[in-house]
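# Residue-level structural notes
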Amino acid sequence: MNNSEKGGNVNPGFEISEPRKSLDAKFPDNVINEKGEEVDEEDSRPMWGNQLEFLMSCIATSVGLGNVWRFPFVAYQNGGGAFLIPYIIVLILIGKPMYYIEGVMGQFSSRNSLKIWAIAPAMRGLGYAQALACGYILSYYVSIIALCIYYLAMSFQAPLPWAVCDPSWVNCVPSSSTGENANVVNGTSSAESYFIKTVLQRNNGLEEGLGLPVWYLVLCLLASWIIIFVIVSRGVKSSGKASYFLALFPYVVMIILLISTVILPGAGNGILFFITPEWNKLLELDVWYAAVTQVFFSLTVCNGPIIMFSSYNAFKQNVYRDAMIVTTLDTFTSLLSGVTIFGILGNLAYELRREVGEVVGSGGTGLAFVSYPDAIAKTFQPQLFSVLFFLMMTVLGIGSAVALLSSINTLLLDAFPRVRTVFMSAFSCTVGFACGLVYITPGGAYVLELVDYYGGTFLVLFCGIIEVIGFFWIYGLENVCLDIEFMLNIKTSIYWRFCWGFITPAMMVVVFVYALMSFDSLEFAGYTYPLAGYVSGYLMLFVGVFFVPLVILLTFYKYRSGSFYDTLKKSFTPKESWGPRSAKTRREWKLFKEEVERERSMVPRSWLKHVGLSLIGGYKRP
């Protein structure tokens, strides 16, 4: 699975360019770090204080707002309990393989999502595309955290401000009302009116312009970025310590909410509504597309943070175990939040004497800031429930935002190593705050939907496809498996090989092509975007996509020679610097690869046979 292989005695992606005696001469300037490891001085990087910090940081990253406000509604829209089947299948065939390989490659190379493409220099543009996707997501993600902080501050009022109607709101139904008195023809809940008219001050569309940022949301956005800055200002030292709280506290709140919810009248009906399958949905490609996008959004794969976090690991850390823990826990959290949320909505339906489907409301930010507050306003302790819920949402959001910003910060710090982390963090947070002001204007909600759809979903899926091609079809599947064997001392099973080599890329390509071909008008809250909105969205997508071919062409120019084949080969062959961070470990790795290749060179094999042996793990070990 390496495009440099042309039959005969094929070298699967790794070339032995020098004899063993020359290896020592390549690493003359080695230093000893605080852990007693011999490292290249220029590549010396900070590391996690312990293995648990990495695990907690990954949990804080992957278990975020997507599990609470996105997953329950996506599941409801796509067949309820039936959605869990494609979701789990996608998790097993795409989510887990992508999470595991990103952890492996980051740990093996101790490189960020840009420098890791020393593995194939022409693919370096993917690192820029992933950084841009990270920036897109982060720009609006923190604005959602700002909304959580605003609602958290308002939760200490009695009564809750969204539980009662303002005299100016027409056909308003107080969210605190229950029973038949809450039924009003064409009525709107006070929670919805409060969110749209008071909090967002949302206008009627982009045609009316963006308007000025809402001042109290500016303060909340500033507070969000200050909290993130404090956590990332000292790099992994500070973010690793904060990860314990960011990862564990939401579970305390979720368990409290779950226990409090299941005892409410009607909660059982809501939970049954959530898990009852609509089997006909399994045949719809839209459901599978929703499952893929939910897995990508939830696990935070294919946009840099997992590679970045694992690059600070010790070389021999059991990243396989960590990847399995995080991906399994992420699924458990989604199910836990789904049961909790639909239990609350079931109680709401009971109080209003309606069907559960009639009180679900809208998805996205509407679910987090309309449906949930509306339900919370009817509980027996609305202030307590509201404080707990929005505190949990704030912590979940900050955990993921810290990872996204750290990924961008790592790229900048590796590019400008003389700049102190605190100054780079201050610069990144300032730029992020300035970009976030767009989303807290009266027209900002419409921009958020565009950026999320084109800059978040589409671009990240594209990055995932190119990442798989780069790792397994250019560097080589068998090379990756050998690196895992050398680093973790475990042999890669057929399951991982088939997923990485065929199943995962095939499923992602099918979903990506389907999403492009089945174009539907993008709508938000009944608003259909004008042509300019679609043009802006596709520009965001194409800017990220364009980095890949642009860098490929620039690399061809850099390595140009009299032979196109030689230029192509050099552009996609790993650099001499590729390998483990420690100079001593790198020498051992090169010896290991030499011994393996010497054994295999004795067996003639074609490219097709090499592909087959790579997929089934059929190569003999020396």
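Summarised in this report is the structure supplied together with it.

Scoring rules and cut-offs
- Residues numbered from 1 in each chain as written.
- Predicted model: local features only at pLDDT ≥ 70, side-chain atom pairs only at ≥ 80, totals over all residues.
- Heavy atoms only, no water.
- Phe/Tyr/Trp six-rings, centres within 6.5 Å; stacked < 30°, edge-to-face > 60°.
- Helix = DSSP H or I, 4+ residues; strand = E, 2+ residues; numbered from the N terminus.
- Buried < 20%, exposed > 50% of the residue type's maximum accessible area, 1.4 Å probe, protein only.
- Lys NZ or Arg CZ within 6 Å of the ring centre and 35° of its normal.
- Disulfide = S-S within 2.5 Å.
- Salt bridge = Lys/Arg side-chain N within 4 Å of Asp/Glu carboxyl O.
- Contact = heavy atoms within 4.5 Å.
- Polar contact = N/O pair within 3.5 Å; in protein donor to acceptor, adjacent residues only side chain to side chain.
- Axes fitted to C-alpha atoms, helices over the stretch in contact; angles between N-to-C directions.
- Parallel < 35°, antiparallel > 145°, perpendicular 65-115°, else oblique.
- Left-handed = near helix turned anticlockwise from the far one by under 90°.
- Nonpolar A, V, L, I, M, F, W, Y, C, P; charged D, E, K, R; others polar.

## Section: the packing of aromatic side chains
For the structure on display, the rule yields 50 aromatic pairs. Ring geometry for Tyr-100 versus Trp-500: centroids 5.5 Å apart, planes at 35 degrees, classification tilted. Highlighted residues: Tyr-100 in helix H3 (residues 84–109) and Trp-500 in helix H16 (residues 494–517), separated in sequence by 400 residues. Pair check on accessibility: Tyr-100 and Trp-500 agree, each one buried. Ring pairs connect the aromatic residues Tyr-150, Tyr-151, Trp-162, Tyr-194, Phe-195, Trp-215, Tyr-216, Phe-369, Phe-389 and Phe-390, which therefore count as one cluster. Above the face of the Phe-486 ring, Lys-316 is positioned so that its terminal group lies 5.1 Å from the ring centre. When the ring centre of Tyr-557 is taken as reference, the NZ or CZ atom of Arg-560 above it lies at 4.0 Å.

## Quick word on the state of the cysteines
In a disulfide, the sulfur atoms of two cysteines are covalently bonded to one another. Scanning all chains against the criterion turns up one disulfide. Across the disulfide from Cys-165 sits Cys-172; the S-S distance is 1.9 Å. On the S-S bond that ties Cys-165 to Cys-172, the torsion sits near -85 degrees, and the link is left-handed. Of the residues examined, Cys-172 reaches a relative accessible area of 15% and is grouped as buried.

## Side note on the pattern of salt bridges
Applying the stated rule across the entire model yields four salt bridges. Close ionic contact of Asp-483 with Lys-593 constitutes a salt bridge, the shortest N to O distance being 3.6 Å. Highlighted residues: Asp-483 in helix H15 (residues 444–488) and Lys-593 in helix H19 (residues 583–600), separated in sequence by 110 residues. Note on accessibility: Asp-483 and Lys-593 belong to one class, buried. Two residues, Lys-590 and Glu-576, come together in a salt bridge whose shortest N-O distance is 2.0 Å. Linking Lys-590 in helix H19 with Glu-576 in the loop between helix H18 (564–572) and H19, this pair joins segments that are 14 residues apart in sequence.

## A look at the environment of Gln-317
Along the chain, Gln-317 falls in the loop between helix H10 (305–310) and helix H11 (319–352). Here Gln-317 falls in the buried class, since its relative accessible area comes to 4%. Counting along the chain gives 170 residues from Gln-317 to Met-487, while the straight-line C-alpha distance between them is 8.6 Å. Leaving out residues up to four positions away in the same chain, Gln-317 has contacts with Gln-51, Phe-54, Gln-107, Asp-322 and Leu-488. A distance of 2.9 Å separates a polar atom in the side chain of Gln-317 from a polar atom in the side chain of Asp-322.

## Concerning the packing of H15 against helix H17 (residues 531–558)
Orientation of H15 relative to H17, taken along the N-to-C sense of each, is 25 degrees, at an axis distance of 9 Å. By the criterion of interaxial angle, the relationship of H15 to H17 is roughly parallel. H17 is crossed by H15, and the crossing has right-handed handedness. Along the contact surface, H15 presents Leu-450, Val-451, Tyr-454, Phe-458, Leu-459, Phe-462 and Ile-466, while H17 presents Gly-533, Tyr-534, Gly-537, Tyr-538, Met-540, Leu-541, Gly-544, Val-545 and Val-548. A class-by-class count of the residues in the contact of H15 with H17 yields 13 nonpolar, three polar and no charged.

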